Amino acid sequence: MPAELSRRAVLGFIAAGAMMTIDSTFGGEVRKTGLQLYTVRDLLKVDFERTLRRVAILGYSEVEFAGILGSDVSHTRKLLLGLGLTAPSLHIDYPSLRDNAQPSFEIAHLLGSRFVVCPWLDPSVRKTTDDWKRICDNLNTIGQLASRSNLTLAYHNHDFEFAALPGGIQPYDVLLRRTDERLVKFELDVYWATKGNLDSARVLRANPLRFPLVHLKDMAKDGSTTELGRGTIDFASILEAARQSGVRHVLVEQDVSTDPLRSIETSIAFLRNQPYLSREFIRPRTP
């Protein structure tokens, strides 16, 4: 057998073994369904507590914060506990993480979060390949600091990470290759990945345990965001890949909606019919 084929065969066996380990470790299912609270940001500004209560009643078990934390973070944590919600992750802007991460880590601990997520990079810091290398080095440093604080850093994509740089280099490839897999994880936004022509199921399978978080967001025919099941994205294959690759938190998100509460109700109803999520964790509740 040629050496190259032999090497590929060995890699295939290793990958298969990794998948078996993941299935054994995680019980073969994504256990909880969450909501990225950016979806209901305007409602949170009007009535923070009532909005979280509605999210819980609809059946969501987890929430991910994105800037709006309530008037007092300690009170917010008590509110979450009272509603049966947890906040496994929150978004923190890149400059805050890069320049002085500790205050953000303290907020994460107050909320009981495990992951801090870098959600966006300003165009001014990501113009060249060298810029992306610098970003990766910074993410490694932040990830190390997070690890020392018993937290995990993750990076959330949009679609600009899939636009080729001069020389045909794709920023997302640089991120996956140059960041330390022990220190930097990823939150895959399947809507933006689809915008960037990335096969979400394929990248999840190719990087087991690198993607603990996934944003579930559907794409309408006109390219806008829509409720899950009403667009063009194949969630069955993505959820199966998530089950196989060690994803622990799936988070519904919809950037724009005229009726956010109705939208998130529609989306979780769609997820209840998917075979890869535990029914136990997405049934309606009355907190």
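This structure is a prediction, so every number in the text was calculated from the model and none was measured.

1. What about the overall build of the protein chain?
- A tally of regular secondary structure across the protein chain gives 12 helices and 10 strands.
- Within the protein chain, the fraction of its 287 residues that count as buried is 52%.
- A fraction of 77% describes how many contacts in the protein chain between residues 6 or more apart in sequence connect residues 24 or more apart.
- When the accessible surface of the protein chain is totalled, it reaches about 13400 Å², and 51% of it is carbon and sulfur.

2. Topic: the nonpolar core
- With 76 residues, the main nonpolar core has Phe-65, Trp-132, Tyr-155, Tyr-172, Leu-175, Leu-188 and Leu-204 as its most contacted residues.
- If you tally residues by element for this core, the top one is helix α7 (residues 129-148), at 6 residues.

3. A word on the packing of α7 against helix α8 (residues 171-178)
- Close contact between α7 and α8 brings their axes to 10 Å; oriented N to C, the two are set at 35°. Between α7 and α8 lies a crossing whose hand is right-handed. Each of Trp-132, Lys-133, Ile-135, Cys-136, Asp-137, Leu-139 and Asn-140 in α7 lies in contact with α8, whose residues at this interface are Pro-171, Val-174, Leu-175 and Arg-178.

4. Some words on the sheet that holds strand β4 (residues 115-118)
- In spatial order, the strands read β1-β2-β3-β4-β5-β6-β7-β10; together these 8 strands close into a barrel with parallel pairing. Direction aside, neighbouring strands of the sheet carry axes that sit 30° apart on average.
- Examined bridge by bridge, strand β5 (residues 152-156) and strand β6 (residues 184-189) share 4 bridges and lie parallel to one another. Of the residues in β6, the one forming a bridge with Tyr-155 is Phe-186.

5. Side note on the pairing of β4
- A two-sided burial pattern is seen for β4, the buried positions comprising Phe-115 and Val-117 on one face and Val-116 and Cys-118 on the other.
- Inspection of the sheet shows strand β3 (residues 86-91) paired to β4 by 3 bridges, in the parallel sense. Its bridge partner being in β4, His-91 is matched across the sheet by Val-117.
- Crossover connection from β4 via α7 to parallel β5: handedness right-handed.

6. Details of the confidence of the model for the protein chain
- Of the residues in the protein chain, 85% reach a pLDDT of 70 or more, and the chain-wide mean stands at 89.
- Scored below 50 in pLDDT, residues 1-29 makes 20 contacts in the model with residues more than four places away or belonging to other chains.
- Note on residues 279-284: pLDDT under 50 across the span, and 20 contacts to partners over four residues away in sequence or across chains.

7. A word on helix α12 (residues 260-272)
- Taking 1.5 Å as the rise per residue, α12 with 13 residues should run 18 Å; its terminal C-alpha atoms sit 19 Å apart, in good agreement.
- Taken together, the buried positions of α12 are Pro-260, Leu-261, Ser-263, Ile-264, Ser-267, Ile-268 and Leu-271. Buried residues of α12 fall within an arc of 160° about the axis and therefore sit on the same side.
- Here the buried face of α12 lies against β1 (32-36), α2 (41-46), α3 (48-57), β7 (213-216), α11 (235-245) and β10 (249-252).

8. Focus: the packing of aromatic side chains
- Summed over the entire model, instances satisfying the criterion amount to 8 aromatic pairs.
- Seen in terms of ring centroids, Trp-120 and Phe-160 are 5.3 Å apart; in terms of plane orientation they differ by 85°. Their pairing is edge-to-face. Within this pair, whereas Trp-120 is found in the loop between β4 and α7, its partner Phe-160 is found in the loop between β5 and α8, the two being separated by 40 residues in sequence.
- Judged by its relative accessible area of 14%, Phe-160 falls in the buried class.
- Relative to Phe-270, the ring of Phe-235 lies with its centre 6.0 Å away and its plane at 70°, an arrangement referred to as edge-to-face. Of this pair, Phe-235 sits in helix α11 while Phe-270 is found in helix α12, placing the two residues 35 residues apart along the sequence.
- For Phe-270, a relative accessible area of 22% gives the class partly exposed.
- In textbook terms, an aromatic cluster arises when at least three aromatic residues are bridged by ring pairs, as seen for Tyr-155, Phe-162, Tyr-172, Phe-186 and Phe-211.

9. Description of unusual backbone geometry
- With phi around 60°, Asn-150 is a residue other than glycine that occupies positive phi space.
- With respect to the element layout, Asn-150 can be found in the loop between α7 and β5.
- In this structure, Leu-209 takes a positive phi of about 75° despite not being glycine.
- Taking the relative accessible area as the measure of exposure, Leu-209 reaches 44% and is therefore partly exposed.

10. Structural notes on the environment of Leu-261
- Note on placement: Leu-261 falls in helix α12.
- When the C-alpha positions of Leu-261 and Leu-58 are compared, they lie 8.8 Å apart, and in sequence the two are 203 residues distant.
- Those residues in contact with Leu-261, other than ones at most four positions away along the chain, are Val-40, Leu-43, Arg-54 and Leu-58.

What counts and what doesn't
- Residues numbered from 1 in each chain as written.
- Predicted model: local features only at pLDDT ≥ 70, side-chain atom pairs only at ≥ 80, totals over all residues.
- Heavy atoms only, no water.
- Helix = DSSP H or I, 4+ residues; strand = E, 2+ residues; numbered from the N terminus.
- Buried < 20%, exposed > 50% of the residue type's maximum accessible area, 1.4 Å probe, protein only.
- Contact = heavy atoms within 4.5 Å.
- Areas by Shrake-Rupley, 256 points an atom, 1.4 Å probe, with all protein chains shown as cover.
- Core = buried A, V, L, I, M, F, W, Y, C linked by side-chain atoms within 4.5 Å.
- Axes fitted to C-alpha atoms, helices over the stretch in contact; angles between N-to-C directions.
- Left-handed = near helix turned anticlockwise from the far one by under 90°.
- Pairing = 2+ DSSP bridges.
- Right-handed = clockwise from strand over helix to strand, strands pointing away.
- pLDDT = per-residue confidence, 0-100.
- Expected span 1.5 Å × (residues − 1).
- Arc of directions from axis to C-beta.
- Phe/Tyr/Trp six-rings, centres within 6.5 Å; stacked < 30°, edge-to-face > 60°.

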